[in-house]
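Secondary and tertiary structure notes
Below are the chains, spelled out letter by letter.
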Amino acid sequence: MAEYDIECCETTEIHQERLNLVREKLPEEEKLYDLAELFKVFGDSTRIRILFVLFEAEVCVCDLAEALNMTQSAISHQLKILKQSKLVKSRREGKSIFYSLADGHVRTMIDQGMEHVEEE
């Protein structure tokens, strides 16, 4: 059997106690949908790269474009998605707009994802 083959039960049996526990703890469908949408935002390597830059410093679009060797337009498009998802925030300073992580949860999610990816 291959390492990732899924084994199935040999008989059909409902374990009602476990099923009741699961049903009690399962979040509402709308919350699960919102969570899935959030994880879709993390599904783009450019957005992940932007978040890694923002781990280190609050920066403007010009800085991000230079750091990631991308156009300002491409960076702006991705920042819009990150901002709509409440993963980054912005503030104005004179003629510049600086972006930073919205809160500590963003770093925690990425750190835990990296920990999972680096497991052997």
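Description of the structure in this document. (Residues numbered from 1 in each chain as written. Predicted model: local features only at pLDDT ≥ 70, side-chain atom pairs only at ≥ 80, totals over all residues. Heavy atoms only, no water.)

Describing helix 6 (residues 104-118)
Compared with an ideal rise of 1.5 Å per residue, which puts 15 residues at 21 Å, helix 6 spans 21 Å between its outermost C-alpha atoms and is within 8% of the ideal. Where helix 6 begins, the side chain of Asp103 points an oxygen toward the backbone nitrogen of His105, at a separation of 2.9 Å. (Helix = DSSP H or I, 4+ residues; strand = E, 2+ residues; numbered from the N terminus. Expected span 1.5 Å × (residues − 1). Polar contact = N/O pair within 3.5 Å; in protein donor to acceptor, adjacent residues only side chain to side chain.)

Brief notes about the packing of aromatic side chains
One pair of aromatic rings is described through two measures. These are the centre distance and the angle between the planes. Summed over all chains, the structure comprises two aromatic pairs. Both rings, one in Phe39 and one in Phe42, keep their centres 6.2 Å apart while their planes meet at 50 degrees; by these two values the pair is tilted. Taking relative accessible area as the criterion, Phe39 reaches 47% and is therefore assigned partly exposed. The exposure class of Phe42 is buried, given its relative accessible area of 14%. (Phe/Tyr/Trp six-rings, centres within 6.5 Å; stacked < 30°, edge-to-face > 60°. Buried < 20%, exposed > 50% of the residue type's maximum accessible area, 1.4 Å probe, protein only.)

Observations concerning the sheet that holds strand 1 (residues 59-60)
Here three strands make up an open sheet; going across it, the order is 1-3-2 and the pairing antiparallel. Strands at the two margins of the open sheet, each flanked by one partner only, are strand 1 and strand 2 (88-93). Two elements, strand 2 and strand 3 (residues 96-101), share six bridges in a ladder whose sense is antiparallel. Of the residues in strand 3, the one forming a bridge with Arg91 is Phe98. (Pairing = 2+ DSSP bridges.)

Description of the packing of helix 4 (residues 61-68) against helix 5 (residues 72-84)
Where helix 4 meets helix 5, the closest approach of the two axes is 9 Å, and the angle between their N-to-C directions is 110 degrees. Judged on the interaxial angle alone, helix 5 and helix 4 are roughly perpendicular. For the pair helix 4 and helix 5, the crossing hand works out as right-handed. Residue-level contacts link Val61, Cys62, Leu64, Ala65 and Leu68 of helix 4 to Gln72, Ile75, Ser76 and Leu79 of helix 5. (Axes fitted to C-alpha atoms, helices over the stretch in contact; angles between N-to-C directions. Parallel < 35°, antiparallel > 145°, perpendicular 65-115°, else oblique. Left-handed = near helix turned anticlockwise from the far one by under 90°. Contact = heavy atoms within 4.5 Å.)

Section: the nonpolar core
With 21 residues, the main nonpolar core has Ile50, Leu51, Leu64, Ile75, Leu79 and Leu82 as its most contacted residues. Mapped onto this core, the elements with two or more residues apiece are helix 3 (45-56), helix 4, helix 5, strand 3 and helix 6. Among the elements that make up this core, the one with the highest residue count is helix 3 (five residues). Not counting residues within four places of it along the chain, the set of residues in contact with Ile50 comprises Leu64, Leu68, Ile75, Gln78, Leu79 and Leu82. (Core = buried A, V, L, I, M, F, W, Y, C linked by side-chain atoms within 4.5 Å.)

Re a negative patch on the surface
There is a patch of like negative charges on the surface, built from Asp111, Glu115, Glu118 and Glu119. Within the fold, Glu118 resides in helix 6. (Patch = residues over 30% accessible without salt bridge, like charges linked within 9 Å, V, L, I, M, F, W, Y side chains within 5 Å. Areas by Shrake-Rupley, 256 points an atom, 1.4 Å probe, with all protein chains shown as cover. Salt bridge = Lys/Arg side-chain N within 4 Å of Asp/Glu carboxyl O. Lys, Arg positive; Asp, Glu negative; His and termini not counted. Charge placed at Lys NZ, Arg CZ, Asp CG, Glu CD.)

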